[in-house]
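Descriptive structure summary
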Amino acid sequence: QVRLVESGGGLVQPGGSLRLSCAASGSIFDIYTMGWYRQAPGTQRELVATITSGGSTNYADSVKGRFTISRGNAKNTVSLQMNSLKPEDTVVYYCNARGRLLGGLQFNAWGQGTQVTVSS
């Protein structure tokens, strides 16, 4: 009932920048929080950054000062500007959205994931 479509991953050199974007669609009444998580093979998915509908943000310590999360003018979109990328940022990034459907049920939706590779 909720679909998240991500874009913007790819290959970049160390110190470079990438911008990830995500758009949510479906029977959405309200989105409370959108965010980005990442997961390496064999590890648990970890938080990168989240942003609430009110604009409050939360970042993993490993990305503070380098990544910036923002919501679009359309409240169902979120972006992650990633600067000063490091090889250890190489991993699959997942968009997440939590909110309420038109029918009143809560939802917690995930995108399909986008690969970010930082390598020279």
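This structure is a prediction, so every number in the text was calculated from the model and none was measured.

This part is about the packing of aromatic side chains. Under the counting rule described, the total for this entry stands at one aromatic pair. Just above the ring of tyrosine 94 sits the side chain of arginine 45; from NZ or CZ to the centre is 3.7 Å. Across from the ring centre of tryptophan 110, 4.6 Å away, lies the NZ or CZ of arginine 45, which sits over that ring.

This paragraph deals with the pairing of strand β11 (residues 114-118). The alternating pattern of β11 places Thr114, Val116 and Val118 on a buried face and Gln115 and Thr117 on a face that is not buried. Across three bridges, the pairing between strand β2 (residues 10-12) and β11 is parallel. Bridging from a neighbouring strand, valine 12 pairs with valine 118 of β11.

Our next topic: the pattern of salt bridges. Under the definition given, this model contains four salt bridges. When the shortest N-O distance is used, the salt bridge between arginine 38 and aspartate 89 registers 3.1 Å. Taken together, the residues span a long stretch of sequence, with arginine 38 in strand β4 (residues 28-39) and aspartate 89 in the loop between β8 (77-82) and β9 (91-101) at a distance of 51 residues. Across the pair lysine 64 and aspartate 61 runs a salt bridge whose closest N-O atoms are separated by 3.1 Å. Overlapping salt bridges, with partners in common, bring together Arg38, Glu46, Arg66 and Asp89 in one network.

Take the state of the cysteines next. By definition, a disulfide links the sulfur atoms of two cysteine residues through a covalent bond. Evaluation of the coordinates by the stated rule reveals one disulfide. In this model, cysteine 22 is linked to cysteine 95 through a disulfide, with the two sulfur atoms separated by 2.1 Å. Residues cysteine 22 and cysteine 95 are joined through a disulfide that is left-handed, its torsion about the S-S bond being -85°. In this pair, cysteine 22 sits in strand β3 (residues 18-26) while cysteine 95 sits in strand β9, placing the two residues 73 residues apart along the sequence.

Pairing between the strands of a sheet comes from backbone hydrogen bonds, and it takes one of two forms, parallel or antiparallel. Ordered in space as β1-β3-β8-β7, the four strands form an open sheet in which the pairing is antiparallel. Edge positions in the sheet fall to β1 (2-7) and β7 (67-71), since each has one partner strand and no second. Across the sheet, the mean angle from the axis of one strand to that of its neighbour is 15°, orientation sign disregarded. Direction of pairing for β7 relative to β8: antiparallel, over a ladder of five bridges. Bridge pairing in β8 links threonine 68 to glutamine 81.

Further remarks concern unusual backbone geometry. Despite not being glycine, serine 84 has its phi angle at roughly 50°, a positive value. By the element assignment, serine 84 lies in the loop between β8 and β9.

Turning next to the environment of serine 17. Along the chain, serine 17 falls in the loop between β2 and β3. Residues serine 17 and methionine 82, 65 residues apart in the sequence, show an inter-C-alpha distance of 5.4 Å. Residues in contact with serine 17, not counting those within four places in the same chain, are Val12, Gln81, Met82, Asn83, Ser84 and Leu85. Among the polar contacts listed, one links the side chain of serine 17 to the side chain of asparagine 83, at a separation of 2.9 Å.

Thresholds applied
Residues numbered from 1 in each chain as written. Predicted model: local features only at pLDDT ≥ 70, side-chain atom pairs only at ≥ 80, totals over all residues. Heavy atoms only, no water. Phe/Tyr/Trp six-rings, centres within 6.5 Å; stacked < 30°, edge-to-face > 60°. Lys NZ or Arg CZ within 6 Å of the ring centre and 35° of its normal. Buried < 20%, exposed > 50% of the residue type's maximum accessible area, 1.4 Å probe, protein only. Helix = DSSP H or I, 4+ residues; strand = E, 2+ residues; numbered from the N terminus. Pairing = 2+ DSSP bridges. Salt bridge = Lys/Arg side-chain N within 4 Å of Asp/Glu carboxyl O. Disulfide = S-S within 2.5 Å. Axes fitted to C-alpha atoms, helices over the stretch in contact; angles between N-to-C directions. Contact = heavy atoms within 4.5 Å. Polar contact = N/O pair within 3.5 Å; in protein donor to acceptor, adjacent residues only side chain to side chain.

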